[in-house]
Amino acid sequence: MSRLLSTVGAIAIGSLLAAPAATTAWAQETVTVGAIEILSGPSAAYGTAIKGGLELALDEINAAGGVLGGKKIALIIEDSAGNKDQAVNAARKLVGRDKVPVVIGPTLSNEMFAVGPVTNERKVVTVGTSTTAKGITEIGPFIFRTSLPESDVVPVTLKTAKDKFGVKKIAMMYANDDAFSKSGFDSMKAAAEQLGFEIATIETFGSKDSDFSAQLTKIKGLNVDAITISALVEPISGVVLQARQLGIPASVRFIGGNGANSPKLGEIAGGAADGLLVGSPWFIAKKGETNEKFVADYKKRNGKDPDQFAAQAYDTMYIVAKAIDTAGAADSDKIREALYKTDFNGVMGPFSFTQGRDPASNEGVVVLAMKNGRFEILE
Ligand code: VAL
């Protein structure tokens, strides 16, 4: 039995748990938690990192005795492929078939705006680990998030661009077909206005576009100091690469939001992304035993460094497990009450929720700059 349980904990499964949980013999000794993440398609880098973070924490939690006096947590991860409908179907499966008391995810805000109303209606606690658009937790009382909204991070990034690099005149770009990208742009614009930046132009594109030459050619003629960009990592990579091809010099730095905070950017765009600034609630070289152990263990297990998405997911798995323990039962209502009492110190630093179910503090935000295709912390 323990072998089956650890297998369940270590891999993403769908059909393995197809039997109604309550009727299987071992089910009484497990608490099944669901997750909806992007494991395929253009945004898979986010969901794959999240999966790695969740599973690392899960194995540690189960090895240390699980929850509720010895029950293991079984995690069912469903792939949404970044698609709203697929994410909603996954939620229906997890809630209806698997009767999970908690859903972690989905990955994108765009997906959460479709999934949240469904899980909230069914009174199933839903915890976003990467959803950063405005209004996520306002979907309803069962929707929490451990990720900082753009409005908490982007002003720090733009202020750093101004204070440290003298940025004054900017062009702004965003994907106009994605809820997070639009929301991130709104936060960037508000911060830019507040800092007294001159906004030379605002250009939009679609998340699936591959040609941004019309927008970039226009921007090239405007002699801006920097280009803000709010989008997911794949379109950002395309924009950055094309900008350099069209002769926008490296001195014109890009300033990104949460979508840019993925090593995938360096993998696709390489040196073209150098200089890009992004705010982040976590960075790999963060001092402290907890983070150092997390980074080493993640790397050993996944063959690559964790990123901010993995770190947030890792802490979230612990936060959820602790809430189940505090609740004293795998009961969504009780877990919801318990989450409000969260007082956790993980790889992201001290964490608790506001009454509005958002992270209580943005104190740990740092600004990272891309150098040779990798993120480095600005000193
Ligand atoms: N934070 C973004 C969102 O909310 C992405 C990058 C996961 O959609």
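Residues numbered from 1 in each chain as written. Predicted model: local features only at pLDDT ≥ 70, side-chain atom pairs only at ≥ 80, totals over all residues. Heavy atoms only, no water.

Draft legend 1. How the structure looks around the domain arrangement of the chain. Taken domain by domain, the chain consists of domain 1 (2–148 + 287–347) and domain 2 (150–280 + 365–377). Its C-alpha centre places domain 1 at a distance of 30 Å from the equivalent point of domain 2. Counting residues at the interface gives 18 residues for domain 1 and 21 residues for domain 2. Together domain 1 and domain 2 conceal approximately 1500 Å² of surface at their shared face, both sides included; 53% is due to carbon and sulfur atoms. Of all residues in domain 1, Tyr 46, Thr 132 and Leu 148 give up the largest surface area on contact with domain 2, accounting jointly for 34% of the area buried on that side. (Domains from an automatic or database assignment. Contact = heavy atoms within 4.5 Å. Buried area = accessible area lost by both parts, 1.4 Å probe.)

Draft legend 2. Expanded view of helix H7 (residues 213–220). Along H7, the residues classified as buried are Gln 215, Leu 216 and Ile 219. The buried residues of H7 occupy an angular sector of 90° when the element is viewed end-on, so they sit on one face. In this fold, the buried residues of H7 make contact with strand E6 (169–175), strand E7 (198–205), strand E8 (226–230) and helix H8 (233–245). (Buried < 20%, exposed > 50% of the residue type's maximum accessible area, 1.4 Å probe, protein only. Helix = DSSP H or I, 4+ residues; strand = E, 2+ residues; numbered from the N terminus. Arc of directions from axis to C-beta.)

Draft legend 3. Examining the sheet that holds strand E4 (residues 125–128) more closely. With respect to topology, five strands assemble into an open sheet ordered E2-E1-E3-E4-E5, the strand pairing being parallel. This sheet does not close on itself; its edge strands, each paired only once, are strand E2 (72–79) and strand E5 (143–145). The mean angle between the axes of side-by-side strands here comes to 25°, regardless of whether they run parallel or antiparallel. Bridging between strand E1 (residues 30–37) and E2 involves eight bridges; their strand directions are parallel. In the sheet register, Gly 34 faces E2, and the bridge partner there is Ile 76. Where helix H11 (residues 308–327) meets the sheet, its contacts fall on E1, E2, strand E3 (102–104) and E4, and the angle it forms with E3 comes to roughly 175°. Packed on one face of the sheet, helix H12 (residues 332–340) meets E3, E4 and E5 and runs near 45° to E4. (Pairing = 2+ DSSP bridges. Axes fitted to C-alpha atoms, helices over the stretch in contact; angles between N-to-C directions.)

Draft legend 4. Representation of the sheet that holds strand E10 (residues 277–280). A sheet is described by the order of its strands in space; here seven strands give the open sequence E7-E6-E8-E9-E10-E13-E14, paired in mixed fashion. On the outer flanks of this sheet lie E7 and strand E14 (374–377), each paired with one strand and no other. In this sheet, adjacent strand axes meet at a mean angle of 30° when their direction is disregarded.

Draft legend 5. Representation of the nonpolar core. Counting 85 residues, the largest nonpolar core has Ile 227, Leu 265, Phe 294 and Leu 339 as its most contacted members. Examining the composition of this core, we find that 13 residues originate from one element, H11, more than from any other. The residue makeup of this core includes at least three contributed by each of domain 1 (2–148 + 287–347) and domain 2 (150–280 + 365–377). What Leu 339 contacts, discounting residues up to four positions off in sequence, is Val 125, Val 127, Phe 144, Ile 319, Ala 323 and Phe 353. (Core = buried A, V, L, I, M, F, W, Y, C linked by side-chain atoms within 4.5 Å.)

Draft legend 6. Just the site of the ligand, in detail. In the region of the ligand, the neighbouring residues are Tyr 46, Thr 107, Leu 108, Ser 109, Ser 130, Thr 131, Thr 132, Phe 180, Leu 232, Asn 258, Gly 259 and Phe 309. Take Asn 258: an N or O atom from its side chain is 2.7 Å from a nitrogen atom of the ligand. Residue composition of the shell around the ligand, grouped by class: five nonpolar, seven polar and no charged. Looking at the shell around the ligand, you find at least three residues from each of domain 1 (2–148 + 287–347) and domain 2 (150–280 + 365–377). (Near = heavy atom within 4 Å. Polar contact = N/O pair within 3.5 Å; in protein donor to acceptor, adjacent residues only side chain to side chain. Nonpolar A, V, L, I, M, F, W, Y, C, P; charged D, E, K, R; others polar.)

Draft legend 7. Representation of the pairing of E6 in the model. Most of E6 sits out of view: six of its seven residues are buried. What joins E6 to E7 is helix H6 (residues 179–194), and the crossover it makes is right-handed. Here E6 pairs with E8 via five bridges, running parallel. By the bridge assignment for E8, Met 173 is matched with Ile 229. (Right-handed = clockwise from strand over helix to strand, strands pointing away.)

Draft legend 8. Structural detail: the UniProt feature "domain: Leucine-binding protein" (unreviewed entry) in the chain. Mapped onto this numbering, the UniProt entry gives "domain: Leucine-binding protein" (unreviewed entry) at residues 30–358. The span residues 30–358 is 45% helix and 18% strand, and its two end C-alpha atoms sit 28 Å from each other. (UniProt positions renumbered as here; feature names shortened; annotations may be inferred.)

Draft legend 9. Geometry of the packing of helix H2 (residues 44–63) against helix H10 (residues 289–302). Between H2 and H10, the least distance of the axes is 10 Å, while the angle of their chain directions is 110°. Between H2 and H10, the interaxial angle falls into the category roughly perpendicular. Along the contact surface, H2 presents Thr 48, Ala 49, Gly 52, Gly 53, Glu 55, Leu 56, Asp 59 and Glu 60, while H10 presents Lys 293, Phe 294, Asp 297, Tyr 298, Arg 301 and Asn 302. For the contact of H2 with H10, the per-class residue count stands at four nonpolar, four polar and six charged. (Parallel < 35°, antiparallel > 145°, perpendicular 65-115°, else oblique.)

Draft legend 10. Quick look at the side chain of Asn 62. Structurally, Asn 62 is set in helix H2. Within the structure, Asn 62 has its side chain in polar contact with the backbone nitrogen of Ile 73 (distance 2.8 Å). With sequence-adjacent residues up to four places away left out, Asn 62 is seen in contact with Lys 72 and Ile 73.

Draft legend 11. Layout of the packing of H11 against H12. Their axes nearest at 8 Å, the elements H11 and H12 cross at an angle of 115°. Taken together, H11 and H12 sit at an angle that is classed as roughly perpendicular. As H11 runs across H12, the sense of the crossing is right-handed. Of the residues in H12, those touching H11 at Ile 319, Ala 323, Ile 324, Thr 326 and Ala 327 are Lys 334, Ile 335, Ala 338 and Leu 339. Per-class residue counts for the contact of H11 with H12 are seven nonpolar, one polar and one charged. (Left-handed = near helix turned anticlockwise from the far one by under 90°.)

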